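Here is how the chains run, residue by residue.
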Amino acid sequence: MSGCFAADSSVLLENGQRKTLRNLNIGDRVLTMDAAGQPVYSEVILFMDRNLEQVENFVQIHTDGGATLTVTPAHLVLIWHPTEQRLEYMFADRVQENDYVLVHDQYDRLSPQRVQRLKVAHRPGVVAPLTRTGTIVVDSVTASCYAVVNSQKLAHWGLAPMRLLATMRSWLPGSNAVTSEQAKSDGGNSTMSATTRTKGIHWYARFLYALKNIVLPQEWRYQ
(Lines give C-alpha, C1' and ligand atoms only; values in the text may rest on other atoms or scores of the structure.)
Protein backbone atom coordinates (compact mmCIF):
# COMPACT_ATOMS: atom_id res chain seq x y z
CA MET A 1 0.00 0.00 0.00
CA SER A 2 1.33 3.39 -0.98
CA GLY A 3 0.38 6.86 0.14
CA CYS A 4 -0.88 9.63 -2.09
CA PHE A 5 -2.85 12.83 -2.29
CA ALA A 6 -5.99 13.28 -4.37
CA ALA A 7 -5.03 14.41 -7.89
CA ASP A 8 -7.32 17.44 -7.77
CA SER A 9 -5.61 18.78 -4.65
CA SER A 10 -3.45 21.87 -5.19
CA VAL A 11 -0.08 23.25 -4.15
CA LEU A 12 1.36 26.76 -4.06
CA LEU A 13 4.16 27.48 -6.53
CA GLU A 14 7.06 29.84 -5.84
CA ASN A 15 5.63 32.32 -8.35
CA GLY A 16 2.45 32.63 -6.26
CA GLN A 17 0.21 30.56 -8.52
CA ARG A 18 -1.66 27.44 -7.45
CA LYS A 19 -1.41 24.21 -9.41
CA THR A 20 -3.29 20.94 -9.11
CA LEU A 21 -1.24 17.85 -8.41
CA ARG A 22 -2.45 16.23 -11.64
CA ASN A 23 -0.67 19.03 -13.55
CA LEU A 24 2.42 19.23 -11.36
CA ASN A 25 5.79 18.70 -13.07
CA ILE A 26 9.20 17.54 -11.96
CA GLY A 27 11.23 20.72 -11.44
CA ASP A 28 8.29 22.77 -10.11
CA ARG A 29 9.13 24.54 -6.86
CA VAL A 30 6.30 24.18 -4.36
CA LEU A 31 5.61 25.29 -0.79
CA THR A 32 6.99 22.86 1.80
CA MET A 33 8.28 22.93 5.38
CA ASP A 34 11.97 22.85 6.29
CA ALA A 35 13.60 21.03 9.22
CA ALA A 36 13.11 24.11 11.42
CA GLY A 37 9.35 24.14 10.80
CA GLN A 38 9.43 27.16 8.51
CA PRO A 39 7.72 27.50 5.11
CA VAL A 40 10.16 27.13 2.22
CA TYR A 41 9.88 26.41 -1.50
CA SER A 42 11.40 23.13 -2.63
CA GLU A 43 11.83 21.35 -5.95
CA VAL A 44 9.74 18.35 -6.96
CA ILE A 45 12.33 15.70 -7.92
CA LEU A 46 10.10 12.74 -8.81
CA PHE A 47 6.67 11.16 -8.37
CA MET A 48 6.64 8.14 -6.11
CA ASP A 49 3.17 7.31 -7.41
CA ARG A 50 0.99 8.88 -10.09
CA ASN A 51 -2.15 7.33 -11.53
CA LEU A 52 -4.96 9.64 -12.62
CA GLU A 53 -7.37 6.75 -13.31
CA GLN A 54 -6.91 4.81 -10.07
CA VAL A 55 -9.94 5.08 -7.77
CA GLU A 56 -8.89 5.25 -4.13
CA ASN A 57 -10.33 5.68 -0.65
CA PHE A 58 -9.12 8.88 0.99
CA VAL A 59 -9.23 10.40 4.44
CA GLN A 60 -10.45 14.00 4.42
CA ILE A 61 -9.15 16.17 7.27
CA HIS A 62 -11.23 19.33 7.74
CA THR A 63 -9.96 22.13 9.99
CA ASP A 64 -11.93 24.78 11.84
CA GLY A 65 -10.23 27.37 9.62
CA GLY A 66 -11.70 25.88 6.45
CA ALA A 67 -8.71 23.90 5.12
CA THR A 68 -9.27 20.36 3.84
CA LEU A 69 -6.56 17.76 3.17
CA THR A 70 -7.54 14.71 1.09
CA VAL A 71 -4.99 11.92 1.46
CA THR A 72 -4.75 8.13 1.58
CA PRO A 73 -4.93 6.51 5.04
CA ALA A 74 -1.28 5.35 5.11
CA HIS A 75 0.15 8.79 4.35
CA LEU A 76 2.02 10.72 7.06
CA VAL A 77 0.42 13.97 8.23
CA LEU A 78 2.08 16.49 10.54
CA ILE A 79 0.36 16.94 13.92
CA TRP A 80 1.09 19.69 16.46
CA HIS A 81 0.76 18.86 20.18
CA PRO A 82 0.17 22.25 21.87
CA THR A 83 0.55 21.08 25.47
CA GLU A 84 3.88 19.39 24.73
CA GLN A 85 4.97 21.97 22.14
CA ARG A 86 6.11 19.33 19.69
CA LEU A 87 5.42 18.05 16.18
CA GLU A 88 4.65 14.46 15.28
CA TYR A 89 4.15 12.67 11.97
CA MET A 90 1.12 10.39 12.08
CA PHE A 91 -0.70 8.14 9.62
CA ALA A 92 -3.70 10.01 8.23
CA ASP A 93 -6.24 7.48 9.49
CA ARG A 94 -4.89 7.88 13.04
CA VAL A 95 -5.63 11.62 13.11
CA GLN A 96 -8.54 12.46 15.42
CA GLU A 97 -10.92 15.34 15.86
CA ASN A 98 -9.41 18.13 18.01
CA ASP A 99 -5.89 17.27 16.88
CA TYR A 100 -3.98 20.16 15.34
CA VAL A 101 -2.45 20.31 11.87
CA LEU A 102 -0.21 23.05 10.44
CA VAL A 103 -1.94 25.27 7.89
CA HIS A 104 -0.37 27.93 5.66
CA ASP A 105 -2.09 31.20 6.61
CA GLN A 106 -2.43 34.66 5.09
CA TYR A 107 0.69 35.81 6.93
CA ASP A 108 2.82 33.16 5.18
CA ARG A 109 3.14 31.14 8.37
CA LEU A 110 2.46 27.49 9.14
CA SER A 111 -0.01 27.88 12.00
CA PRO A 112 -1.88 25.21 14.02
CA GLN A 113 -5.54 24.70 13.18
CA ARG A 114 -7.86 22.31 14.99
CA VAL A 115 -9.23 19.28 13.16
CA GLN A 116 -12.96 19.85 13.16
CA ARG A 117 -14.14 16.69 11.42
CA LEU A 118 -12.92 13.68 9.46
CA LYS A 119 -14.57 12.13 6.44
CA VAL A 120 -13.98 9.30 3.97
CA ALA A 121 -13.92 10.14 0.26
CA HIS A 122 -13.90 7.80 -2.76
CA ARG A 123 -12.53 9.38 -5.93
CA PRO A 124 -10.23 8.83 -8.91
CA GLY A 125 -6.67 10.13 -9.24
CA VAL A 126 -3.66 9.63 -6.93
CA VAL A 127 -0.42 11.63 -6.96
CA ALA A 128 2.58 11.38 -4.61
CA PRO A 129 5.22 14.04 -5.38
CA LEU A 130 8.60 13.93 -3.67
CA THR A 131 10.29 17.24 -2.80
CA ARG A 132 13.86 17.76 -1.63
CA THR A 133 12.63 18.64 1.87
CA GLY A 134 10.47 15.51 2.12
CA THR A 135 7.45 17.63 3.04
CA ILE A 136 4.75 19.40 1.04
CA VAL A 137 1.89 21.81 1.75
CA VAL A 138 -1.21 20.48 -0.04
CA ASP A 139 -4.45 22.48 -0.01
CA SER A 140 -2.71 24.67 2.62
CA VAL A 141 -2.14 21.73 5.03
CA THR A 142 1.40 20.55 5.84
CA ALA A 143 2.12 16.88 5.23
CA SER A 144 4.97 14.49 4.62
CA CYS A 145 5.85 13.24 1.17
CA TYR A 146 6.09 9.75 2.68
CA ALA A 147 3.77 6.97 3.72
CA VAL A 148 3.57 3.39 5.02
CA VAL A 149 6.64 3.76 7.30
CA ASN A 150 5.92 5.43 10.63
CA SER A 151 9.09 7.52 10.66
CA GLN A 152 9.68 10.72 8.70
CA LYS A 153 13.43 10.60 9.34
CA LEU A 154 13.80 7.00 8.23
CA ALA A 155 11.72 7.55 5.09
CA HIS A 156 13.68 10.69 4.24
CA TRP A 157 16.95 8.84 4.71
CA GLY A 158 15.68 6.03 2.48
CA LEU A 159 15.04 8.47 -0.39
CA ALA A 160 18.52 10.05 -0.10
CA PRO A 161 19.77 8.25 -3.25
CA MET A 162 16.98 9.85 -5.30
CA ARG A 163 17.86 13.30 -3.99
CA LEU A 164 21.51 12.68 -4.87
CA LEU A 165 20.52 11.51 -8.35
CA ALA A 166 18.40 14.63 -8.86
CA THR A 167 21.34 16.80 -7.82
CA MET A 168 23.65 15.03 -10.24
CA ARG A 169 21.12 15.44 -13.06
CA SER A 170 20.91 19.16 -12.32
CA TRP A 171 24.61 19.44 -13.14
CA LEU A 172 24.08 18.10 -16.65
CA PRO A 173 24.12 20.56 -19.59
CA GLY A 174 20.64 21.77 -20.48
CA SER A 175 19.07 20.84 -17.15
CA ASN A 176 18.03 24.45 -16.47
CA ALA A 177 16.22 24.59 -19.79
CA VAL A 178 14.34 21.41 -18.90
CA THR A 179 13.19 22.82 -15.58
CA SER A 180 12.10 26.05 -17.22
CA GLU A 181 10.03 24.19 -19.80
CA GLN A 182 8.38 22.06 -17.13
CA ALA A 183 7.50 25.11 -15.06
CA LYS A 184 5.66 26.62 -18.05
CA SER A 185 3.64 23.49 -18.73
CA ASP A 186 0.37 23.61 -16.77
CA GLY A 187 -1.70 21.26 -18.81
CA GLY A 188 0.77 18.39 -18.90
CA ASN A 189 0.45 18.07 -22.67
CA SER A 190 4.10 18.64 -23.57
CA THR A 191 6.50 15.84 -24.49
CA MET A 192 8.65 16.84 -21.52
CA SER A 193 5.77 16.35 -19.10
CA ALA A 194 4.85 12.99 -20.59
CA THR A 195 8.37 11.63 -20.12
CA THR A 196 8.86 12.87 -16.57
CA ARG A 197 5.47 11.97 -15.06
CA THR A 198 5.26 8.24 -15.62
CA LYS A 199 2.15 6.33 -14.60
CA GLY A 200 2.13 4.12 -11.53
CA ILE A 201 4.51 3.58 -8.62
CA HIS A 202 8.12 4.65 -9.15
CA TRP A 203 10.57 1.72 -9.32
CA TYR A 204 12.56 2.97 -6.33
CA ALA A 205 9.41 3.35 -4.24
CA ARG A 206 8.48 -0.25 -5.13
CA PHE A 207 11.92 -1.35 -3.96
CA LEU A 208 11.53 0.44 -0.61
CA TYR A 209 8.00 -0.94 -0.09
CA ALA A 210 9.34 -4.45 -0.59
CA LEU A 211 12.37 -3.85 1.60
CA LYS A 212 10.36 -2.53 4.55
CA ASN A 213 8.64 -5.90 5.07
CA ILE A 214 12.04 -7.53 5.48
CA VAL A 215 14.03 -5.08 7.58
CA LEU A 216 11.50 -3.03 9.60
CA PRO A 217 9.77 -4.11 12.81
CA GLN A 218 6.01 -4.52 12.41
CA GLU A 219 5.27 -1.56 14.69
CA TRP A 220 7.08 0.76 12.27
CA ARG A 221 4.88 -0.26 9.34
CA TYR A 222 1.35 0.69 8.41
CA GLN A 223 -1.05 -2.11 9.31
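Look up a bit, the structure's there.
Think of each chain on its own: its residues are numbered from 1, step by step along the sequence as written. Selection of residues for local features in this predicted model requires a pLDDT of at least 70, selection of side-chain atom pairs for listing and counting requires 80 or more, and totals for whole chains, interfaces and linings are taken over all residues. Excluding hydrogens and water, the side-chain figures rest on all heavy atoms present in the structure.

1. Concerning the overall build of the protein chain
Put simply, DSSP marks the helices as runs of H or I at least four residues long and the strands as runs of E at least two long, and each gets a number from the N terminus on. What the protein chain contains, in helices and strands, is five helices and 13 strands. Contact criterion: two residues are considered in contact whenever any of their non-hydrogen atoms come within 4.5 Å of each other. Residue pairs in contact within the protein chain that sit at least 24 positions apart in sequence constitute 61% of those at least 6 positions apart.

2. Some thoughts on the pattern of salt bridges
Within this document, salt bridges are pairs made up of a side-chain nitrogen of Lys or Arg and a carboxyl oxygen of Asp or Glu, the two lying within 4 Å of each other. One pass over the full model with this rule turns up nine salt bridges. Among the salt bridges present, the one from Arg22 reaches Asp8, with a minimum N-O distance of 2.9 Å. Of the two residues, Arg22 sits in the loop between strand S3 (18-20) and strand S4 (29-33) while Asp8 sits in the loop between strand S1 (5-6) and strand S2 (10-12), which places them 14 residues apart along the sequence. Working definition: with a 1.4 Å probe on protein chains only, accessible area under 20% of the residue-type maximum means buried, over 50% means exposed, and in between means partly exposed. For Arg22, a relative accessible area of 25% translates into the label partly exposed. For Asp8, a relative accessible area of 49% puts it in the partly exposed group. Between Glu43 and Arg132 there is a salt bridge, with its nearest N and O atoms 3.1 Å apart. With Glu43 in strand S5 (residues 39-63) and Arg132 in the loop between strand S10 (110-131) and strand S11 (135-138), this pair connects stretches of sequence that are 89 residues apart.

3. Structural notes on the pairing of S4
For S4, the tally of buried residues reaches four of five residues, placing the bulk of the element in the interior. We treat two strands as partners when DSSP finds at least two bridges between them. The pairing of S4 with S5 spans five bridges and is classified as antiparallel. Residue pairing for S5: Arg29 is matched across the bridge by Glu43. Joining the antiparallel neighbours S4 and S5 is a turn of five residues, in which Gly37 adopts a positive phi near 85°.

4. A few points about the nonpolar core
Generally speaking, a soluble globular protein has its nonpolar side chains buried in company with each other. The term nonpolar core refers to a set of buried residues drawn from Ala, Val, Leu, Ile, Met, Phe, Trp, Tyr and Cys, joined through side-chain atoms within 4.5 Å. Core analysis: the largest hydrophobic core is formed by 47 residues, its most contacted members being Phe5, Leu24, Met48, Leu69, Val77, Leu130 and Tyr146. Per-element accounting of this core gives the leading share, eight residues, to S5. When near neighbours in sequence (up to four residues on either side) are disregarded, Met48 contacts Ala128, Leu130, Cys145, Tyr146, Leu159, Gly200, Ile201, His202 and Ala205. Counting eight residues, the second largest nonpolar core, distinct from the first, contains Leu12, Met33, Leu78 and Val137.

5. What to know about the side chain of Thr63
Mapped onto the fold, Thr63 is located in strand S5. Residues contacting Thr63, with those up to four places away along its chain left out, are Val101, Val103, Gln113, Arg114, Val115 and Gln116.

6. Comments concerning helix H2 (residues 160-170)
Burial in H2 covers these residues: Met162, Arg163 and Ala166. End-on view of H2: buried residues confined to an arc of 100°, all on one side of the axis. Think of it as the arc spanned by the lines of direction from the helix axis to the C-beta atoms.

7. Overview of the environment of Glu56
Residue position: Glu56 is located in strand S5. Taking the C-alpha atoms as reference, Glu56 lies 6.1 Å from Pro124; in sequence the two are 68 residues apart. Dropping the residues within four chain positions of it, Glu56 is found in contact with Thr72, Ala121, His122, Arg123 and Val126. Polar contacts here mean pairs of N or O atoms no more than 3.5 Å apart (in protein, one a potential hydrogen donor and the other a potential acceptor; neighbouring residues in sequence count only if both atoms are side-chain atoms). Of note is the side chain of Glu56, whose polar atom sits 2.9 Å from the side chain of Gln54.

8. What to know about the pairing of strand S6 (residues 68-71)
Relative to S6, S5 is paired through four bridges, and the arrangement is antiparallel. Paired with Val59 across the two strands is Val71, which belongs to S6. Where S5 hands over to S6, the hairpin turn is made up of four residues, of which Gly66 adopts a positive phi near 100°.

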